[in-house]
Amino acid sequence: MSNIYESAATTLGLFNSPCLAKVELRVTCKGISDRDALSKPDPCVLIKMQSHGQWLEVDRTEVIRSSISPTFSKVFTLDFYFEEVQRLRYELYDISSSHNGIKEADFLGAMECTLGQVGPPSMASYVTAEELTGNDDYVELSFSARKLDDKDFFSKSDPFLEIFRINDDSSLQLVHRTETVMNNLNPVWKTFKTSLNSLCSGDHDRPLKCTVWDWDSNGKHDFIGEFQATFKEMRGAMDGRQVQWECINPKYKIKKKNYKNSGIVILNQCKIIKMHSFLDYIMGGCQIQFTVAIDFTASNGDPHNSCSLHYIHPYQPNEYLKALVAVGEICQDYDSDKMFPAFGFGARIPPDFKVSHDFAVNFNEENPECAGIQGVVEAYQNCLPKLQLYGPTNIAPIIQKVARSLSVLLSLGQWEIYMADTREAIVQASHLPMSIIIVGVGSADFSDMQMLDGDDGILRSPKGEPCLRDIVQFVPFRNFKHGSPAELAKTVLAEVPNQVVDYYNNKGIKPKVPSEFESSRTFAP
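Please read all numbers here as calculations on a predicted model, not as lab measurements.

The rules we used
- Residues numbered from 1 in each chain as written.
- Predicted model: local features only at pLDDT ≥ 70, side-chain atom pairs only at ≥ 80, totals over all residues.
- Heavy atoms only, no water.
- Helix = DSSP H or I, 4+ residues; strand = E, 2+ residues; numbered from the N terminus.
- Buried < 20%, exposed > 50% of the residue type's maximum accessible area, 1.4 Å probe, protein only.
- Contact = heavy atoms within 4.5 Å.
- pLDDT = per-residue confidence, 0-100.
- Pairing = 2+ DSSP bridges.
- Axes fitted to C-alpha atoms, helices over the stretch in contact; angles between N-to-C directions.
- Disulfide = S-S within 2.5 Å.
- Parallel < 35°, antiparallel > 145°, perpendicular 65-115°, else oblique.
- Left-handed = near helix turned anticlockwise from the far one by under 90°.
- Polar contact = N/O pair within 3.5 Å; in protein donor to acceptor, adjacent residues only side chain to side chain.
- Salt bridge = Lys/Arg side-chain N within 4 Å of Asp/Glu carboxyl O.
- Core = buried A, V, L, I, M, F, W, Y, C linked by side-chain atoms within 4.5 Å.
- Expected span 1.5 Å × (residues − 1).

S.K.: Outline the overall build of the chain, supporting the account with residue identities and numerical values.
M.R.: Summing up its helical and strand segments, the chain has 12 helices and 25 strands in all. Among the 525 residues that make up the chain, the fraction classed as buried is 51%. By sequence separation, contacts in the chain at least 24 residues apart represent 70% of the contacts at least 6 residues apart.

Now the structure itself:
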């Protein structure tokens, strides 16, 4: 085992607290209370996990319009630790089209259980759990249809496709629900990915039930037709050929003498994607450039005043230092030279004291790197007396600078931010191999930062361009002020491994196979 792998794995607790299995959770709700007399709710479920008394969001389902008994297609994948009590909370919201995310949604109820229970039904909500087998591969499928039945009088059908796995007990498990293609009898649905475990439990001959519906805004969708398939049949579309099925309405087949079908559903592409893990890339030589950005705006307070967030106490580190050390100690294990660029923003800097939003904390613009986390700490402490804290809070220039190389950007600040410029910079960076960790320091209102996180929906630039990937993780330091540094680091770094893997998988980049005699590591796999 290489030293870098052993160090990283030990740091992440892979040896001390082994993950016994991965578990897929699916959520269905029945009989949600209809609080609006004029319309049905548009439900969405958030799943949260408890950590040191704090409920932290893990993920959320899609929003299903006009439904009191939704079956969500979103699948939550969690690590299961036998020796830990993993407390889960499911929060149900009504998110109408006029709401701006969860903040303005109507809270309908919640249920709590442990992952070991995945508990008795409550809140009219049902959670099912399934342990994943060893196959982590995904399949990419592209469906279309032609000549579907027209179910609407004044326009054409608005079709969507649902795929169900038929379990051993003959029950149905929703695998995927496509988007709705409006006013079209020959729809082409977006390509989607799903795990082979979810699709067929690794059994290529397992029957799948596929149903086509005509979407209606009141939630009472019209049945168009159905067919059965297997993944073995779908694999016929792997070599550029098409596979097609007749979409049958059983009632029409019985009643209509010359009935043939209600349309044809076509599989245009089937592609198996080998899913590599974060450690596969680390073992293959992947390095992560860890970069630090520090908020030096006047909102932090005069550093000479003990109430300032930048006050340097002779014996007690401030919140900036605590967050920097907690996260940096983890990230440095993935950087072979342990040299970390550190930048500041929002201050007037010597010699002319003009406001800068991307200055080197060590004042060496040609080489902003510091030797290890201790070097960053020393540069931070040395620069404070030489700066004039000013403003505004604008991290966009640093994001643009750091995005030139693959990196994790740790941004520490109080965050009353230039939102438009920052959103634009993040959206552009989402196309690049970059993750942004934002730790909110102090007691400011961080509601804008939650929007940057992307957990409240897809972040968009001021021009409307969506983020290609969710690359931002935001955590308020105050939530961990009295906890251990390890808990802060675990939370802020939780999404980085998946962000790294998603980037490489989307680019089709496979990890290198490490040579037994390789001792050096290069970044590009």
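S.K.: Account for the confidence of the model for the chain, with residues named and values stated.
M.R.: The predicted model of the chain averages 83 in pLDDT, with 85% of residues at 70 or higher. Looking over the chain, one finds the lowest element-wise mean pLDDT in helix 1 (residues 3-11), namely 36, and the highest in strand 12 (residues 207-214), namely 97. Counting interchain partners and residues more than four positions distant, the pLDDT-below-50 stretch residues 515-525 has 26 contacts.

S.K.: Outline the sheet that holds strand 9 (residues 159-166), listing residues and values.
M.R.: With antiparallel pairing, four strands are arranged side by side in an open sheet as 10-9-12-13. Both edges of this open sheet fall to strand 10 (172-177) and strand 13 (222-230), since each of them pairs with a single strand only. The sheet shows a mean angle of 25 degrees between the axes of neighbouring strands, direction not considered. For strand 9 and strand 10, the ladder comprises five bridges, and the chain directions are antiparallel. Paired with Arg-165 across the strands is Gln-173, a residue of strand 10.

S.K.: Residue-level account of the sheet that holds strand 22 (residues 388-389), with values.
M.R.: Taken in spatial order, the three strands line up as 19-18-22 in an open sheet, and their pairing is antiparallel. With partners counted over all chains shown, the strands left at the sheet margins are strand 19 (354-356) and strand 22, one partner each.

S.K.: I'd love a proper account of the state of the cysteines, names of residues and values included.
M.R.: Within this structure, the stated rule accounts for zero disulfides. Here Cys-200 stays free of any disulfide, with the sulfur of Cys-270 as its closest cysteine sulfur at 9.9 Å.

S.K.: So what's going on with the pairing of strand 14 (residues 243-246)? Residues and values would help.
M.R.: In strand 14, alternate side chains face the same way, and those of Val-243 and Trp-245 are buried while those of Gln-244 and Glu-246 on the opposite face are not. Bridging between strand 14 and strand 15 (residues 264-273) involves four bridges; their strand directions are antiparallel. Looking across to strand 15, one finds that Gln-244 is bridged to Ile-266.

S.K.: Give me unusual backbone geometry: which residues, what numbers.
M.R.: Following Pro-350, the chain continues to Pro-351 via a peptide bond in cis, the omega torsion being 5 degrees. Locating Pro-351 in the fold gives a position in the loop between strand 18 (347-349) and strand 19. The step from Gly-391 to Pro-392 runs through a cis peptide bond, and the omega angle for that step is 0 degrees. Looking at the element boundaries, Pro-392 is found in the loop between strand 22 and helix 8 (396-402). Even without glycine at this site, Ser-201 takes up a positive phi of about 55 degrees. Inspection of the secondary structure puts Ser-201 in the loop between helix 2 (196-200) and strand 12.

S.K.: Which residues make up the packing of helix 6 (residues 319-331) against helix 7 (residues 372-383), and what are the values?
M.R.: The N-to-C vectors of helix 6 and helix 7 enclose an angle of 160 degrees; their axes lie 10 Å apart at closest approach. Classified by the angle between their axes, helix 6 and helix 7 sit roughly antiparallel to one another. Classified by chirality, the crossing of helix 7 by helix 6 is right-handed. Residues Tyr-320, Leu-321, Leu-324, Val-325, Gly-328 and Glu-329 of helix 6 lie in contact with helix 7, whose contacting residues are Ile-373, Val-376, Val-377, Tyr-380 and Gln-381.

S.K.: Pulling in residues and values, what's your account of the side chain of Ser-66?
M.R.: Tracing the sequence through the fold places Ser-66 in the loop between strand 3 (54-60) and strand 4 (76-80). Within the structure, the side chain of Ser-66 is placed 2.7 Å from the backbone oxygen of Ser-217, a separation counted as a polar contact. Setting aside anything within four residues of it in sequence, one finds Ser-66 in contact with Lys-40, Pro-41, Asp-42, Ser-217, Asn-218 and Gly-219.

S.K.: So what about the environment of Gly-236? Which residues, and what values?
M.R.: By secondary structure assignment, the location of Gly-236 is in the loop between helix 3 (231-234) and strand 14. Judged by its relative accessible area of 16%, Gly-236 is buried. For the pair Gly-236 and Gln-269, spaced 33 residues apart in sequence, the C-alpha to C-alpha distance is 8.9 Å. Sequence-distant contacts of Gly-236, that is, excluding residues within four places in its chain, are made with Arg-241 and Val-243.

S.K.: Describe in detail the side chain of Asn-394, supporting the description with residues and values.
M.R.: Here Asn-394 lies in the loop between strand 22 and helix 8. A polar contact is formed between the side chain of Asn-394 and the backbone nitrogen of Ala-396, at a distance of 3.2 Å.

S.K.: Provide a residue-level description of the pattern of salt bridges, including the pertinent values.
M.R.: Pairing is possible between side chains that carry opposite charge, provided their charged atoms lie close to one another. Tallying each qualifying case throughout the model produces 14 salt bridges. For the salt bridge of Glu-62 with Arg-177, the shortest nitrogen-to-oxygen distance reads 3.4 Å. With Glu-62 in the loop between strand 3 and strand 4 and Arg-177 in strand 10, this residue pair connects regions lying 115 residues apart in the sequence. You can call Glu-62 partly exposed: its relative accessible area is 23%. Between Arg-206 and Asp-168 there is a salt bridge, with the nearest N and O atoms lying 3.1 Å from each other. With Arg-206 in the loop between helix 2 and strand 12 and Asp-168 in the loop between strand 9 and strand 10, this residue pair connects regions lying 38 residues apart in the sequence. Linked by salt bridges that have partners in common, Lys-48, Arg-89, Glu-91 and Glu-112 make up one network.

S.K.: Got a sec to walk through the nonpolar core? Specific residues and values, please.
M.R.: Ranked by size, the top nonpolar core spans 55 residues in total, and within it Phe-290, Phe-296 and Ile-437 carry the most contacts. Among residues more than four places away in sequence, those in contact with Ile-437 are Val-327, Val-408, Leu-409, Leu-410, Ser-411, Gln-473, Val-492, Leu-493 and Val-496. In this structure, Phe-143, Ala-145, Trp-189 and Trp-245 belong to the second largest nonpolar core, which totals 29 residues.

S.K.: Hey, could you go over helix 6 for me, with residue numbers and the actual values?
M.R.: Every α-helix winds through 3.6 residues per turn, so residues three or four apart in the chain are directed the same way. Between the first and last C-alpha of helix 6 there are 18 Å, a value that for 13 residues agrees with the 18 Å anticipated at 1.5 Å per step. Of all 13 residues in helix 6, 10 are buried; the element is thus mostly enclosed. Along helix 6, the residues that are buried comprise Glu-319, Tyr-320, Leu-321, Ala-323, Leu-324, Ala-326, Val-327, Gly-328, Ile-330 and Cys-331. Of the residues that open helix 6, the one with a side-chain oxygen 3.1 Å from the backbone nitrogen of Tyr-320 is Asn-318.

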